[in-house]
Amino acid sequence: MQNMRDIQRRIGSVKNTQKITRAMKMVAAAKLKNAQDRAEDARPFFNKTVEVLRGVFTRTRETSHPLLAEREGGRHLVIVITGDRGLCGAYNHKVIDIAEEILEEEEEVSLMVLGRKARDYFRRRETDIMAEYIQLDDYPGYGFANNLADEIIHHFRAEDVNKVSMIYTHFNSAISQTVKTMQLLPVEKFNKAEEDSIAVEEQAEQMDAETAGEEAKSKKYVDYIFEPSPAEVFDNILPQYLINVIYSALLESKASEFGARMTAMDSATDNANEMIDKLTLKYNRARQAEITKEITEIVGGAEALK
Amino acid sequence: MAAAPKIQFEVVTPQKLVYSEKIDKLEAPAIDGLIGIWPKHAPLVTAMKIGVVRVVKDGEESQIAISEGFMEVQPDKINLVVRTAELPDQIDIDRAKSAKERAEERLEKERDNIDFARAEASYDRALARLKAAGHQDHGYDRL
């Protein structure tokens, strides 16, 4: 049986840890509320951006813009979005694992890491890091997304890299987040399935269902008018597409981080409770044993005196 | 007489869906100048600059102050995706006024560095807000 004082000390330390995890859980919950609102408010914006622009690129034959250029082979720039801090379950590692997969599959990969966790991890492994950003804002601004977009556009135009993708975490709910990979450059066209799902959505929006099918088909190729010219329009809207998409990904990732941290800290607090219960039981047993021992000794002593 | 044709018009920003109505027509500031859209317009894509969108719905005109973004037009639908968009009653006039003064000061000082472009953009944004809010002394010929 463990010494009573040892057990008491352990109970004390578990209680202290529990105070910390409980506080962290509450902080994460408060921040989650705000981050979640932002991420969810930005979703229609993100969806519209993707729907409109990729729709335009898919349906137009105008593809001569430098940012749409598909070049064979070359370097692949991967943007990895993680948090600055740990204690948020598998949040950071799920993202890092996907990045590792890409690193294993492809030869020439450079990383742009966001968040201290990804930076430290890939620094230790001496992966090629092209740029790093740490101490990210809890509520990322549009300006930051703007800078990131400028930087990747610069590298893509200079042909340092021939492909740019981004790994981020999509926020489903406080207890469920999905890691997603998205190709940023060259801008991907819709594949068949996505095209259909949007056509269906558009159909549902239209009152007159019979002609909708035909319209959806004819939308496959629309000769858009580009005002004033395709080159100028793409010069303006492609960077905006990137900024919007990166901005949304930053918001989603932050909301996910807080969600993951809240869940992790919640279960840590529960585990601490369980542990305290077990230790208290152990402590009571030890105390009982001690008392029994003392009584036996006293009785034994009295017997001996007779 | 048949009802006048309408066109669905949506304005989206990172904060929210600002506007979603069936409208008669609109006039918006594209990068190469004002552009007017009526229902059944040919498919069109253009980039927007900071300015004021004038929307006519059921014969009544309303104004929306917008900043950079882009617009996709389809015969039955207009999608306007911009960084900020405000209806007149959402505009903080005092804030826009002081932003305009700040930007004016900076425009005086920083003739040729990178901040000039920023100051100019914030000047334009302030002007667009004041104009949409129906303010008179906004020196609006810039937009």
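Residues numbered from 1 in each chain as written. Chains lettered and ligands numbered in written order. Predicted model: local features only at pLDDT ≥ 70, side-chain atom pairs only at ≥ 80, totals over all residues.

Per an unreviewed UniProt entry, chain B goes by ATP synthase epsilon chain and derives from Halanaerobium congolense. Annotation of chain B in UniProt includes, under Sequence similarities (unreviewed entry), the sentence "Belongs to the ATPase epsilon chain family." Per its UniProt entry, chain B bears the Function (unreviewed entry) comment "Produces ATP from ADP in the presence of a proton gradient across the membrane." (UniProt positions renumbered as here; feature names shortened; annotations may be inferred.)

Chain A goes by ATP synthase gamma chain in an unreviewed UniProt entry, where it is assigned to Halanaerobium congolense. What UniProt states about chain A under its Subunit (unreviewed entry) heading is, verbatim, "F-type ATPases have 2 components, CF(1) - the catalytic core - and CF(0) - the membrane proton channel. CF(1) has five subunits: alpha(3), beta(3), gamma(1), delta(1), epsilon(1). CF(0) has three main subunits: a, b and c." Recorded in UniProt under Function (unreviewed entry), the annotation for chain A is "Produces ATP from ADP in the presence of a proton gradient across the membrane. The gamma chain is believed to be important in regulating ATPase activity and the flow of protons through the CF(0) complex."

Asker: Would you mind going over the interface of chain A and chain B with me for this structure?
Answerer: How big an interface is tends to be expressed through the accessible area that disappears when the partners come together. Counting residues at the interface gives 22 residues for chain A, matched by 23 residues for chain B. Elements represented by at least two residues in the side of chain A that touches chain B include exactly α1 (4-59), β6 (225-227) and α7 (230-305) of chain A. Take the side of chain A that touches chain B: its biggest share by element is eight residues, from α1 of chain A. Looking at side-chain class alone, the side of chain A that touches chain B contains 14 nonpolar, three polar and five charged residues. (Contact = placed C-beta atoms within 7 Å. Helix = DSSP H or I, 4+ residues; strand = E, 2+ residues; numbered from the N terminus. Nonpolar A, V, L, I, M, F, W, Y, C, P; charged D, E, K, R; others polar.)

Asker: Would you take a moment to explain the sheet that holds strand β2 (residues 109-114) of chain A for this structure?
Answerer: Strand pairing in a sheet takes place through backbone hydrogen bonds and is either antiparallel or parallel in direction. All names here are of chain A. Judged by pairing direction, the sheet is mixed, and its five strands sit side by side in the order β3-β2-β1-β4-β5 without closing on themselves. If you trace the sheet from one side to the other, it starts and ends with β3 (129-133) and β5 (176-185), each paired once. On average, each strand axis in the sheet is tilted by 20 degrees relative to the strand beside it, whichever way the strands run. Judged from the four bridges that link them, β2 and β3 form a sheet pairing that is parallel. Each residue of the ladder has a partner; that of Met112, found in β3, is Ala131. Along the sheet, α7 makes contact with β1 (76-81), β4 (163-173) and β5, crossing β4 at roughly 45 degrees. (Pairing = 2+ DSSP bridges. Axes fitted to C-alpha atoms, helices over the stretch in contact; angles between N-to-C directions.)

Asker: Explanation requested: the nonpolar core in the structure shown.
Answerer: Nonpolar side chains in soluble globular proteins tend to be buried together. Ranked by size, the top nonpolar core spans 102 residues in total, and within it Val80, Ile81, Ile152, Ile167, Leu242 and Ile246 of chain A together with Ile64 of chain B carry the most contacts. At 19 residues, α7 of chain A tops the list of elements feeding residues into this core. Contact partners of Ile64 of chain B, with chain neighbours within four places excluded, come to Val11, Tyr19, Val52, Val53, Val55, Ala85, Glu86, Leu87 and Ala132 of chain B. (Core = buried A, V, L, I, M, F, W, Y, C linked by C-beta atoms within 7 Å. Buried ≥ 20, exposed ≤ 12 C-beta atoms within 10 Å, placed from the backbone.)

Asker: What is the right way to read the domain arrangement of chain B from this model?
Answerer: Residues and elements named next belong to chain B. Each domain of chain B was delimited in the assignment, giving domain 1 (7-88) and domain 2 (92-138). Centre-to-centre separation of domain 1 and domain 2, based on C-alpha positions: 22 Å. Across the contact, nine residues belong to domain 1 and nine residues belong to domain 2. Elements represented by at least two residues in the side of domain 1 that touches domain 2 include exactly β6 (51-57) and β7 (60-66). It is β7 that provides the largest number of residues to the side of domain 1 that touches domain 2, a total of three residues. The class makeup of the residues in the side of domain 1 that touches domain 2 is five nonpolar, three polar and one charged. (Domains from an automatic or database assignment.)

Asker: Hey, could you run me through the environment of Gln135 of chain A in this one?
Answerer: Residue and element names in this part refer to chain A. Summarising the element assignment, Gln135 is placed in the loop between β3 and α4 (142-157). For Gln135, a count of 7 C-beta atoms within 10 Å translates into the label exposed. Distance from Gln135 to Arg123, taken between C-alpha atoms, is 16 Å for residues 12 residues apart in sequence.

Asker: Got a minute to help me understand the packing of α4 of chain A against α7 of chain A in this structure?
Answerer: Axis angle and axis distance: for two packed helices, these are the angle between their axes and the distance between the axes, and together they describe the pair. All names here are of chain A. Their axes nearest at 8 Å, the elements α4 and α7 cross at an angle of 125 degrees. Classified by the angle their axes make, α4 and α7 are oblique. Viewed along their axes, α4 and α7 form a crossing whose handedness is right-handed. Contact with α4, carried on its side by Tyr142, Ala145, Asn146, Leu148, Ala149, Ile152 and Ile153, involves Pro239, Leu242, Ile243, Ile246, Tyr247 and Leu250 of α7 and no other residues of that element. Within the contact of α4 with α7, the residues separate by chemical class into 12 nonpolar, one polar and no charged. (Parallel < 35°, antiparallel > 145°, perpendicular 65-115°, else oblique. Left-handed = near helix turned anticlockwise from the far one by under 90°.)

Asker: I would appreciate a short explanation of the UniProt feature "domain: ATP synthase F1 complex delta/epsilon subunit N-terminal" (unreviewed entry) in chain B in the present structure.
Answerer: Under the feature "domain: ATP synthase F1 complex delta/epsilon subunit N-terminal" (unreviewed entry), the UniProt entry names residues 7-85 of chain B. Overall, residues 7-85 of chain B shows 0% helix and 71% strand. The separation of its end C-alpha atoms is 19 Å.

Asker: What is the right way to look at the environment of Glu40 of chain A in this model?
Answerer: Inspection of the secondary structure assignment puts Glu40 of chain A in helix α1. Sequence separation between Glu40 of chain A and Ser64 of chain A is 24 residues; the distance between their C-alpha atoms is 34 Å.

Asker: Before we go on, may I ask you to explain unusual backbone geometry in this structure?
Answerer: Where the residue is not glycine, phi is negative for most of them; where a peptide bond is considered, it is trans in most cases. Residues and elements named next belong to chain A. Here Leu185 and Pro186 are connected by a cis peptide whose omega angle stands at -15 degrees. Its place among the elements puts Pro186 in the loop between β5 and α5 (192-205). Even without being a glycine, Leu87 presents a positive backbone phi close to 55 degrees. Along the chain, the position of Leu87 falls in the loop between β1 and α2 (91-105). Leu87 sits in the partly exposed class, given 15 other C-beta atoms within 10 Å.

Asker: What is the right way to read α4 of chain A from this model?
Answerer: Residue pairs three or four apart in sequence face the same way in an α-helix, which turns once every 3.6 residues. Residue and element names in this part refer to chain A. The terminal C-alpha atoms of α4 lie 22 Å apart, and with 16 residues this matches the ideal 22 Å at 1.5 Å per residue to within 8%. Where α4 is concerned, the buried positions are Ala145, Leu148, Ala149, Ile152, His155 and Phe156. Summarising the axial view, the buried residues of α4 lie within an arc of 130 degrees, below the 170-degree limit, and thus occupy one face. Opposite the packed face of α4, turned more than 90 degrees from it, sit the exposed residues Gly143, Asn147 and His154. Where the residues of α4 are buried, they touch β1, β4, β5 and α7. (Expected span 1.5 Å × (residues − 1). Arc of directions from axis to C-beta.)

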